[in-house]
2 protein chains.
Amino acid sequence: LEAGDDGAVYALVEPLHPADIADLLEQVEADERSALTRAISDLMGSEVFAELNDHVREALVDELSAEDIAEIAEEMETDDAVALLEDLEPEEQQAVLAEMEPEERAAIESALAYPEETAGRLMSRDFIAVNEQLTVGELIHYLRDNKDLATEFWEVFIVDAHYRPVGTCQLSWILRTDRHIALSDVMKRDQTLIPVTMDQEEVALRFQKYALISAAVVDESGRLVGQITVDDVVHIIQEEASEDILRLSGAGDGDINEPILMTVRTRLSWLVVNLGTAILASSVVSLFQDAIARFALLAVLMPIVSGMGGNAGTQTLAVVVRAIATNQLTSSNTIRMVLRELRIAMANGLSLGLLIGTSTALLFHNPHLGAVIGAAMIINNLVAGLAGILVPITLDRANVDPAVSSAVFVTTATDVMGFFSFLGLAVATGLV
Amino acid sequence: LEAGDDGAVYALVEPLHPADIADLLEQVEADERSALTRAISDLMGSEVFAELNDHVREALVDELSAEDIAEIAEEMETDDAVALLEDLEPEEQQAVLAEMEPEERAAIESALAYPEETAGRLMSRDFIAVNEQLTVGELIHYLRDNKDLATEFWEVFIVDAHYRPVGTCQLSWILRTDRHIALSDVMKRDQTLIPVTMDQEEVALRFQKYALISAAVVDESGRLVGQITVDDVVHIIQEEASEDILRLSGAGDGDINEPILMTVRTRLSWLVVNLGTAILASSVVSLFQDAIARFALLAVLMPIVSGMGGNAGTQTLAVVVRAIATNQLTSSNTIRMVLRELRIAMANGLSLGLLIGTSTALLFHNPHLGAVIGAAMIINNLVAGLAGILVPITLDRANVDPAVSSAVFVTTATDVMGFFSFLGLAVATGLV
């Protein structure tokens, strides 16, 4: 297919939705990608670029001139154009902006002035805002007569003389109301306003909680400056939730289109940190070398205690990290959550301790060894539960993303305490 | 606050959004919850119930009569009422349905007839569908004159004589078009139709991919039967993404409002499965008891090899599980992804092997031991990379959710191979 017939490729790709073309470009090998883009260059519109994965888009954009990029950006909505430009090198970004129409350029520059990952970057400047004195009929006339207004909007914002939002009208309400009725009688006064500096994760939580389709963005003085629509938020919800699983495992942003060297660097640095904790844990074992040399069965059984603690700690950690991310864990229920996890850890520890303790005692005809491993299992489950909840809460209070760094601390705790409790109890109780 | 003054509590809660009241009910202790609901019973409308967490809602619903539940369900949109009723015991569900108006009852019963987690359960039956012969003006008249039509809609579906969708009009297009123009000239013919039996996860991916606000749901014969709106999908996206992290760690659905015994049961059963794999791994160690008794340093170092393999395997696993869940890993790029992970594993393995091998050789003045642990580290990283990608892909092909069961297999592989490669190489090369 790829080798030759550009016409046939074009015919195959032509009926696809831009999002599907973007998917296709992400799926093919890097070298086929250039050939493919040449074959379908007519179809490579702004909508395809808007849908592309960051790394793939960057690779394609690298091959384009500043003029071409500017042309694509001009066709995009402000928020997509910002996403395209924010990843460029500063000098290239300037070159592209210089090629753009002054109006679009100003919109993008003002968006780029807001910090990354805030509402200011996400919002679109194309929205409909009218005065509350208008009637439904006047609004419809206004919308019909002004051809350069936004076409993608789901609600009409009602503003006062200072351009501050006072209410909002869903389009369905407007369509279902008689022409002569004033907008102030149709609109809902209660609305969720998004401050322009709000973090995008917080924006996503608001959209979810209040089931919003779009929302007004206001600046520090309360003036309406943009709108955010749910389709942009959906990506964030997805990304933020995925991020936690990937960060917990130290896999960076887990993007399968990322250049392989970047991936290796991210993962390797995490593994080296973990190597440090593994060495720390093994230094605990080294304290007990004599005991192990005398009774090698200890070395056989010790990974069970540390491993099970690690598993239990990871469970608690996953639950707590998600609860923090979704605002379910607040200062008012922290103590209750800690007690809850401790009770779970105690129940799990007792069950597992009894199970492994009895089995060991019977299998090796050594009740003393059984008691030691059973007790160590209970201790390590409690350590796992405590670390699993206290580490992420503490990091979160210290404004560190708990998903990124919790796992190292929790595994260190369960490894060290797993080895120490088991080997230590064995020595202290005179087993060896 | 709770102890006494119901009036004051009511005054505090009264101005809150239903979603905030639901949050409040989730945050308080179970026994305070009953007191709180009594104090604010007037405010406990259907909207609060729609927002509540499943477990909290179940607890509250248990205290209500079938009649009260029916009353709440009747005020809800079909999809929320279905979510409320689907969790009830069969006989209680029947009792509630018997109390409802025939029309709403029929709508809910037909939704309950579709399998759980499909589009049929999610969709609402309140939507606007009109014939394509209508003009914009006629449509607006129709919407104004029929007072019992839906009020929450974001697009108007255009259907043919057999009620099959032929196009769709965003409300903003209608508002911006002259009265005399036919809908067939305004509508977009290309639209994403959702089959009524489609899995909700797939529905969510469609909404994300095509940035949909709402979509038409069609039955097997292609007739329009309902609509799904993005606010219902947002919850699914969030849940599905969270689910993976929680399932990978064996924490069930990780709901902090779940009764504690259920949580213990879920987590414990996962831990017992892991206990099995831990015992399997330790049985590998037991093969080398003599070697360990002679040279206890092996027991000190062996957890490093197995632990690092586990970390590397988890990284790959997290990336692959997310790629599968978001449809990024398809049959066309599987081989490329496997090769990618193998190259990453080789790079990580070589780096870590060199690092730990050299350090061990220098620290213990034992180059042979350094070579053994370095080689074992490389082998176990490759095992981790291979298992991390092949296990979830194989499970996915076999229609098993890779997030649920992959971790056990991957950790077993890295534990067993970690111990075996290190201890085995030590013995085979005559180190002990």
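Just so it is clear, the model here is predicted, and its values are computed rather than measured.

What counts, and where the lines are drawn
- Residues numbered from 1 in each chain as written.
- Chains lettered and ligands numbered in written order.
- Predicted model: local features only at pLDDT ≥ 70, side-chain atom pairs only at ≥ 80, totals over all residues.
- Heavy atoms only, no water.
- Least-squares fit on C-alpha atoms with pLDDT ≥ 70 in both.
- Contact = heavy atoms within 4.5 Å.
- Helix = DSSP H or I, 4+ residues; strand = E, 2+ residues; numbered from the N terminus.
- Buried < 20%, exposed > 50% of the residue type's maximum accessible area, 1.4 Å probe, protein only.
- Right-handed = clockwise from strand over helix to strand, strands pointing away.
- Pairing = 2+ DSSP bridges.
- pLDDT = per-residue confidence, 0-100.
- Axes fitted to C-alpha atoms, helices over the stretch in contact; angles between N-to-C directions.
- Domains from an automatic or database assignment.
- Core = buried A, V, L, I, M, F, W, Y, C linked by side-chain atoms within 4.5 Å.
- Parallel < 35°, antiparallel > 145°, perpendicular 65-115°, else oblique.
- Left-handed = near helix turned anticlockwise from the far one by under 90°.
- Nonpolar A, V, L, I, M, F, W, Y, C, P; charged D, E, K, R; others polar.
- Phe/Tyr/Trp six-rings, centres within 6.5 Å; stacked < 30°, edge-to-face > 60°.
- Buried area = accessible area lost by both parts, 1.4 Å probe.
- Salt bridge = Lys/Arg side-chain N within 4 Å of Asp/Glu carboxyl O.

### A short note on the relation of the copies chain B and chain A
Placing chain B over chain A gives an RMSD of 0.1 Å and needs a rotation angle of 180°, together with 0.0 Å of translation along the axis. Taken together, the rotation and translation relating the two chain copies correspond to the operation of a two-fold axis. When you check the interface residues of chain B against chain A, 100% turn up at the interface there too, and the contact is symmetric in its surfaces.

### A look at the side chain of A:Ser172
With respect to the secondary-structure elements, A:Ser172 resides in helix H12 (residues 171-175). We classify A:Ser172 as buried; its relative accessible area is 1%. Here A:Ser172 is in contact with B:Thr151, B:Phe153 and B:Leu171, once residues within four sequence places are set aside.

### Details of the pairing of strand S5 (residues 214-218) of chain A
All names here are of chain A. Counted residue by residue, S5 has five buried out of five residues, so it is predominantly covered. A two-sided burial pattern is seen for S5, the buried positions comprising Ser214, Ala216 and Val218 on one face and Ala215 and Val217 on the other. Between the parallel pair strand S4 (residues 193-195) and S5, the chain is carried across by helix H14 (residues 200-209), and the sense of this crossover is right-handed. Across five bridges, S5 lies against strand S6 (residues 224-229) in antiparallel orientation. The partner of Val217 across the bridge, within S6, is Gly226.

### Some remarks on the confidence of the model for chain A
Model confidence for chain A is summarised by a mean pLDDT of 90, while 99% of its residues fall at 70 or above. Confidence, read as mean pLDDT per element, is least for helix H3 (residues 30-39) of chain A in chain A (80) and greatest for helix H20 (residues 367-397) of chain A (97).

### A closer look at the sheet that holds S5(A)
In sheet architecture, strand pairing relies on hydrogen bonds along the backbone and comes in two forms, parallel and antiparallel. All names here are of chain A. Judged by pairing direction, the sheet is mixed, and its three strands sit side by side in the order S4-S5-S6 without closing on themselves. On the outer flanks of this sheet lie S4 and S6, each paired with one strand and no other. The mean inter-strand angle of the sheet, taken between neighbouring strand axes irrespective of direction, is 35°. Strand direction decides the pairing type here: S4 and S5, joined by three bridges, are parallel. The partner of Leu193 across the bridge, within S5, is Ala216. Running over the sheet, H14 touches S4, S5 and S6 and is turned about 175° from S4.

### Focus: the domain arrangement of chain A
The domains assigned to chain A are domain 1 (6-114), domain 2 (129-243) and domain 3 (259-428). In this structure, domain 1 of chain A and domain 2 of chain A have C-alpha centres spaced 28 Å apart.

### Here we look at the environment of B:Ala293
Here B:Ala293 shows up in helix H17 (residues 289-294). B:Ala293 gets classed as partly exposed once you look at its relative accessible area, which sits at 33%. Not counting the four nearest positions on each side in its chain, B:Ala293 is found in contact with A:Ala293 and A:Ala296.

### Considerations on the nonpolar core
Ranked by size, the top nonpolar core spans 119 residues in total, and within it A:Ile292, A:Leu298, A:Phe422, A:Leu423, B:Leu298 and B:Phe422 carry the most contacts. Ignoring anything within four residues of it in the chain, the contact list for B:Leu298 reads B:Ala291, B:Ile292, B:Leu369, B:Phe422, B:Leu423, B:Ala426, B:Leu431 and B:Val432. Judged by nonpolar contacts, the second largest core, of 46 residues, contains A:Ala19, A:Ala215, B:Ile228 and B:Val234.

### Some details on the packing of helix H18 (residues 297-325) of chain A against helix H19 (residues 334-363) of chain A
Residue and element names in this part refer to chain A. Packing of H18 against H19 brings their axes to within 12 Å, and their N-to-C directions diverge by 155°. Comparing the axis directions of H18 and H19 gives the class roughly antiparallel. Along this stretch, H18 crosses H19, giving a crossing that reads as right-handed. Contacts between H18 and H19 involve Leu301, Ile304, Met308, Thr316, Val319 and Val320 from the former and Met337, Glu341, Leu352, Ile356 and Thr360 from the latter. A class-by-class count of the residues in the contact of H18 with H19 yields eight nonpolar, two polar and one charged.

### Describing the packing of aromatic side chains
All names here are of chain A. Throughout the structure, instances matching the rule amount to four aromatic pairs over all chains. Ring centres of Phe127 and Phe157 lie 6.3 Å apart, and the angle between their planes is 70°; on these two criteria the pair is classed as edge-to-face. Highlighted residues: Phe127 in the loop between helix H10 (119-122) and strand S1 (129-131) and Phe157 in strand S2 (residues 155-159), separated in sequence by 30 residues. Look at Phe127 and you get buried, because its relative accessible area is 13%.

### Details of the interface of chain B and chain A
Of the residues lining the interface, 114 residues belong to chain B; the matching set on chain A comes to 114 residues. Of the roughly 10100 Å² buried where chain B meets chain A, counting both sides, 62% is carbon and sulfur surface. In terms of surface lost to chain A, no three residues of chain B exceed B:Leu175, B:Arg176 and B:Ile256, which account for 9% of the buried area on that side. In this structure, the connection of chain B to chain A is made through six salt bridges. At 16 residues, helix H18 (residues 297-325) of chain B tops the list of elements feeding residues into the side of chain B that touches chain A. Looking at side-chain class alone, the side of chain B that touches chain A contains 58 nonpolar, 33 polar and 23 charged residues.

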